[in-house]
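Here is what each chain is made of, one letter per residue.
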Amino acid sequence: MPKDLKNLRDQIDSIDDQILDLLNRRARVVLDVGRAKSGESREFYVPSREQAIYERLIGANPGPFPNSAVRKVFREIISASLSLELPMKVAFLAPQTTFLHVAAMRQFGLSAQLVPMKSIPAVFEEVDRGRAHYGVVPVENSTEGVVNHTLDMFISSDLQVIAEVLLEISHDLLSRSGRLEQVGKVVSHPQALAQCRRWLEENLPDVPLVDVASTAAAAQMAAEDETVAAVASHAAADQYGIQVVKGKIEDNPNNYTRFLVIGKKTPEKSGHDKTSLMFSVKDEPGILYRMLEPFSKRQINLAKIESRPMKQKAWEYIFFLDLEGHVTDAPVADAIEELRNCCHFLKVLGSYPLANRNTEEGGS
């Protein structure tokens, strides 16, 4: 081995030893933090603190180590550190290799125990009964809109939104042969098929599209039948041993899905927060104007508003609203109380750190 190469490798080994020592020093401090929290009955998982760590480190990174890797490395450091305090169980909509699974890993890291559930209501129930500390559920896609099952669950659940995850969604067409001409049927989750509708119509116009429970189930079907192709993630190709026929077939390259993390307590204020509400208003003239006025006159930015029909009463609606700010901020609290005066009922679903797309992707 050339002497200069050996010297460089020796330097890397020495640096790795220092990193290992620092990780263990950090772990000992984390254990001290855990003991301090237990004495005060405080939450051991604080999303706002994690977000602040990522933003500080990415902002201070001089390179050449890439920002995208900074977040991933520290995600696993934090995940392993939290597991020292308390093994964390996180419920998500099954199965593995779906984007929900990826979102759960993105938020909680590989040291968390990720528990696959068969339905969105089952995720809520697992957290509500204390069998899981947190749950991860989908709420909206930038192309196809809201996930109604999730919104409906908040009507009857007392669980809080404690964080959000933004995940860039990219779909591949997968099959055993890897050849487009052998595809006799395309299967996937309805949302995935809808997000790739134009590509499928242009490239497989006469091939039937079949809805299945998940993208992972679709990949498994493709692995078992060479005439079946699945719209699924690249990770599913690796998981089920099938080939990529065509990558990145989503119609909109700027395709994101937003996931919510649900738990039992609203997290502390981070300084860059979002608050979610649900409410039902009285049916009277000018009510739509009156329900927005409390936020407008306080210059509170509304990020989203959706309506869902009430199942108990025909032609009456429940509104879901996202706004910038924390429920403990005086303008936000005052606006919510003013809105409450024209509502049949109003529920704060949670205040939580605002997901930053650049931070989620690692920054640039």
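First, a word on what this report is: a plain description of the structure on this page. (Residues numbered from 1 in each chain as written. Predicted model: local features only at pLDDT ≥ 70, side-chain atom pairs only at ≥ 80, totals over all residues. Heavy atoms only, no water.)

### Some points on the overall build of the protein chain
Spelled out, the test is: Put simply, DSSP marks the helices as runs of H or I at least four residues long and the strands as runs of E at least two long, and each gets a number from the N terminus on. When accessible area is computed with a 1.4 Å probe and restricted to protein chains, residues below 20% of their type maximum are described as buried, those above 50% as exposed, and intermediate ones as partly exposed. A residue counts as positive if it is Lys or Arg and as negative if it is Asp or Glu; His and the chain ends are not included. By convention, the charge on Lys lies at NZ, on Arg at CZ, on Asp at CG and on Glu at CD.
Secondary structure assignment for the protein chain yields 13 helices and 15 strands. Along the first, second and third principal axes, the C-alpha atoms of the protein chain reach 85 × 60 × 35 Å. In the protein chain, which comprises 364 residues, the proportion classed as buried is 46%. Each charge class in the protein chain was averaged separately, 42 positive and 49 negative side chains, and the resulting centres sit 4 Å apart.

### With respect to the sheet that holds strand 14 (residues 317-324)
Where we set the bar: Paired strands, as defined in this entry, are two strands with at least two bridges between them according to DSSP. Only C-alpha atoms enter the line fits that serve as axes; for helices the fit covers just the stretch in contact. Angles between N-to-C directions range over 0 to 180 degrees.
With antiparallel pairing, four strands are arranged side by side in an open sheet as 13-14-12-15. With partners counted over all chains shown, the strands left at the sheet margins are strand 13 (302-309) and strand 15 (343-353), one partner each. Adjacent strand axes in the sheet meet at a mean angle of 15 degrees, parallel and antiparallel pairs treated alike. In this structure, strand 12 (residues 273-281) lies alongside strand 15, joined through nine bridges in antiparallel fashion. Bridging across to strand 15, Asp273 finds its partner in Pro353.

### Quick word on the environment of Thr227
This is how the line gets drawn: Throughout, a residue-residue contact means that at least one pair of heavy atoms, one from each residue, lies within 4.5 Å. Any pair of nitrogen or oxygen atoms within 3.5 Å is treated as a polar contact; in protein, a donor-acceptor pairing is required on top of that, and neighbouring residues in sequence qualify only through side-chain atoms on both sides.
Along the chain, Thr227 turns up in the loop between helix 9 (215-224) and strand 9 (228-232). Counting along the chain gives 46 residues from Thr227 to Glu181, while the straight-line C-alpha distance between them is 9.5 Å. Apart from the residues lying within four places of it in its own chain, the contact partners of Thr227 are Gln182, Val183, Gly184 and Lys185. In this structure the side chain of Thr227 is engaged in a polar contact, spanning 2.8 Å, whose partner is the side chain of Asp225.

### Points about the sheet that holds strand 7 (residues 185-188)
In spatial order, the strands read 8-7-9-6-10; together these five strands make up an open sheet with mixed pairing. One side of each edge strand has no neighbouring strand; the edge strands of this open sheet are strand 8 (209-211) and strand 10 (243-246). Each adjacent strand pair in this sheet contributes to an overall mean axis angle of 35 degrees, direction not counted. As paired elements, strand 7 and strand 9 share three bridges and run parallel to each other.

### Side note on a negative patch on the surface
Stated formally: Two joining distances apply to patches: 9 Å for like charges and 5 Å for nonpolar side chains (Val, Leu, Ile, Met, Phe, Trp, Tyr), and every residue must have over 30% relative accessible area and no salt bridge. Accessible surface is estimated by sampling points in the Shrake-Rupley manner with a 1.4 Å probe; for residues, cover comes only from the protein chains shown. Should a side-chain nitrogen of Lys or Arg be within 4 Å of a carboxyl oxygen of Asp or Glu, the pair is scored as a salt bridge.
Residues Asp13, Asp16, Asp17 and Asp21 make up a contiguous surface patch of negative charge. Here Asp21 is to be found in helix 1 (residues 3-40). The partly exposed category is assigned to Asp21, whose relative accessible area is 41%.

### What about the pairing of strand 7?
Across three bridges, the pairing between strand 7 and strand 8 is parallel. What sits directly across from Ser188, in strand 8, is Asp211.

### As for helix 2 (residues 47-60)
Residues separated by three or four positions in an α-helix point in the same direction, a consequence of the helix having 3.6 residues per turn. Applied cut-off: Multiplying 1.5 Å by the residue count of a helix minus one yields the expected span of that helix.
The end-to-end C-alpha separation of helix 2 is 20 Å, in line with the 20 Å expected for 14 residues at 1.5 Å each. Taken residue by residue, helix 2 has Pro47, Ser48, Glu50, Gln51, Ile53, Tyr54, Leu57 and Ile58 as its buried positions.

### What about the environment of Ala232?
Relative to the helices and strands, Ala232 resides in strand 9. Assessed through its relative accessible area of 0%, Ala232 is described here as buried. Here Ala232 is in contact with Ser170, His171, Asp172, Leu174, Thr215 and Ala219, once residues within four sequence places are set aside.

### What to know about the nonpolar core
Heads up, the condition is: What makes a nonpolar core is a set of buried Ala, Val, Leu, Ile, Met, Phe, Trp, Tyr and Cys residues whose side-chain atoms join them at distances within 4.5 Å.
With 28 residues, the main nonpolar core has Tyr45, Met88, Phe108, Tyr134, Val136, Phe259 and Val261 as its most contacted residues. Residue assignment for this core shows that the elements contributing at least two residues are helix 2, helix 3 (67-85), strand 1 (89-93), helix 4 (99-108), strand 3 (134-141), strand 5 (160-168) and strand 11 (256-263). For this core, the leading source of residues is helix 4, giving five residues. For Met88, the contacting residues outside a window of four places in its chain are Phe44, Tyr45, Leu82, Phe108, Ala112, Gln113, His133 and Tyr134. Judged by nonpolar contacts, the second largest core, of 26 residues, contains Ala91, Ala122, Val123 and Leu349.

### Observations regarding the pattern of salt bridges
Evaluated as defined, the whole model comprises 17 salt bridges. When the shortest N-O distance is used, the salt bridge between Asp32 and Arg35 registers 2.5 Å. Residue Asp32 and its partner Arg35 are both found in helix 1; the two are separated by three residues, about one turn of the helix. Taking the shortest distance from any N to any O, the salt bridge between Lys297 and Glu338 comes out at 3.0 Å.

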